[in-house]
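Each chain, written out:
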Amino acid sequence: SAPPGWSKVTGHLIWDVKMDFTRKARWVLDGHKTPDATISTFAGVVSRESVRIGFTYAALNDLSVCAADIRNAYLQAPSSRKDYIICGPEFGLENVGKVALIHRALYGGKTAGRDFRNHLRACMRHLNFASCPADPDVWMRPAKKSDGTECYE
């Protein structure tokens with residue numbers, strides 16, 4: 001049985017075929033069956049204007065621009081909830097009926113967006129980046145260019 005204070009949740013498998021014809025399957029929570037959170041649960045998105053300002057700043061200061069995609073982003077973040085499931089056959093016949101504790105934010109979970117944002121914020125602060133006061137989804141830190149002039153990266 002699950003430890004005290006943990007809530008039983010359910011989920012299902014989702015199958016997808018990507019643009020390059022690779023196949024992907026993921027197990028997602030049935031978030032529509034869980035109670036609504038009382039706090040904000042969304043992950044932010046940088047504004048279009050902030051992206052334009054960032055590109056302009058980089059061009060004016062001769063800075064390189066790089067971008068990244070965090071694959072399976074939510075799965076990188078620890079979950080703030082204490083949820084568990086009873087394993088079905090999709091987890092292997094040897095695991096049917098076993099209790100599985102969910103320690104990572106999963107797609108479909110009502111707090112997964114917030115959990116990922118909090119995890120990303122902690123990672124960025126660990127790398128000495130600070131959130132921009134004008135757009136909290138823009139991150140920067142003081143740096144120096146190769147000629148010694150100060151800038152932000």
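Just so it is clear, the model here is predicted, and its values are computed rather than measured.

Parameters at a glance
- Residues numbered from 1 in each chain as written.
- Predicted model: local features only at pLDDT ≥ 70, side-chain atom pairs only at ≥ 80, totals over all residues.
- Heavy atoms only, no water.
- Helix = DSSP H or I, 4+ residues; strand = E, 2+ residues; numbered from the N terminus.
- Rg over C-alpha atoms; globule rule 2.2 N^0.38 Å.
- Buried < 20%, exposed > 50% of the residue type's maximum accessible area, 1.4 Å probe, protein only.
- Areas by Shrake-Rupley, 256 points an atom, 1.4 Å probe, with all protein chains shown as cover.
- Pairing = 2+ DSSP bridges.
- Patch = residues over 30% accessible without salt bridge, like charges linked within 9 Å, V, L, I, M, F, W, Y side chains within 5 Å.
- Salt bridge = Lys/Arg side-chain N within 4 Å of Asp/Glu carboxyl O.
- Expected span 1.5 Å × (residues − 1).
- Core = buried A, V, L, I, M, F, W, Y, C linked by side-chain atoms within 4.5 Å.
- Contact = heavy atoms within 4.5 Å.

Report on the overall build of the chain, specifying residues and quantitative values.
Within the chain, the regular secondary structure consists of two helices and nine strands. When its helices and strands are written in sequence order, the chain yields β-β-β-α-β-β-α-β-β-β-β. Taken over C-alpha atoms, the radius of gyration comes to 20 Å for the chain, far larger than the 15 Å a tight globule of 153 residues would show. Principal axes of the C-alpha set define a box for the chain whose edges measure 65 × 40 × 25 Å. Counting over 153 residues, the chain shows a buried share of 24%. Carbon and sulfur atoms make up 57% of the accessible area of the chain, which totals about 11,100 Å².

Run through the pairing of strand β4 (residues 78–86), naming residues and quoting values.
Across two bridges, the pairing between strand β1 (residues 7–8) and β4 is parallel. Pairing of S7 across the sheet is with D83, part of β4. By the bridge criterion, five bridges tie β4 to strand β5 (residues 99–104) in an arrangement that is antiparallel. Residue I85 lies in a different strand from β5, and its bridge partner there is A100.

So what about a nonpolar patch on the surface? Which residues, and what values?
Taken together, the side chains of V45, V46, V51, F55 and V65 define a hydrophobic patch exposed on the protein surface, amounting to about 450 Å² of accessible area. One can find F55 in helix α1 (residues 48–60).

Which residues make up the environment of F21, and what are the values?
Structurally, the position occupied by F21 is in the loop between β2 (11–17) and β3 (23–29). By relative accessible area, which is 65% here, F21 ends up exposed. Measuring from C-alpha to C-alpha, the distance between F21 and K110 comes to 30 Å, with 89 residues separating the pair along the chain.

Describe the sheet that holds β4, naming the residues involved and giving the relevant values.
Overall, mixed pairing links the three strands, which are arranged β1-β4-β5 in an open sheet. Two strands bound the open sheet, and with one partner strand each, they are β1 and β5.

Give me the lowdown on α1, citing residues and values where you can.
The terminal C-alpha atoms of α1, which comprises 13 residues, lie 19 Å apart, in line with the 18 Å expected from a rise of 1.5 Å per residue. Downstream of α1 by a residue or two, D62 has a phi angle that is positive, lying close to 55 degrees.

Go over the nonpolar core with me, naming the residues and quoting the values.
If you look at the biggest cluster of nonpolar residues, it comprises six residues: V9, W27, L29, I85, I102 and L106. Every residue in contact with V9, bar those within four places of it in the chain, is listed here: L29, T34, D83, Y84, I85 and I102. Core analysis: the next-biggest nonpolar cluster, separate from the first, contains five residues, A73, A77, A105 and F116 among them.

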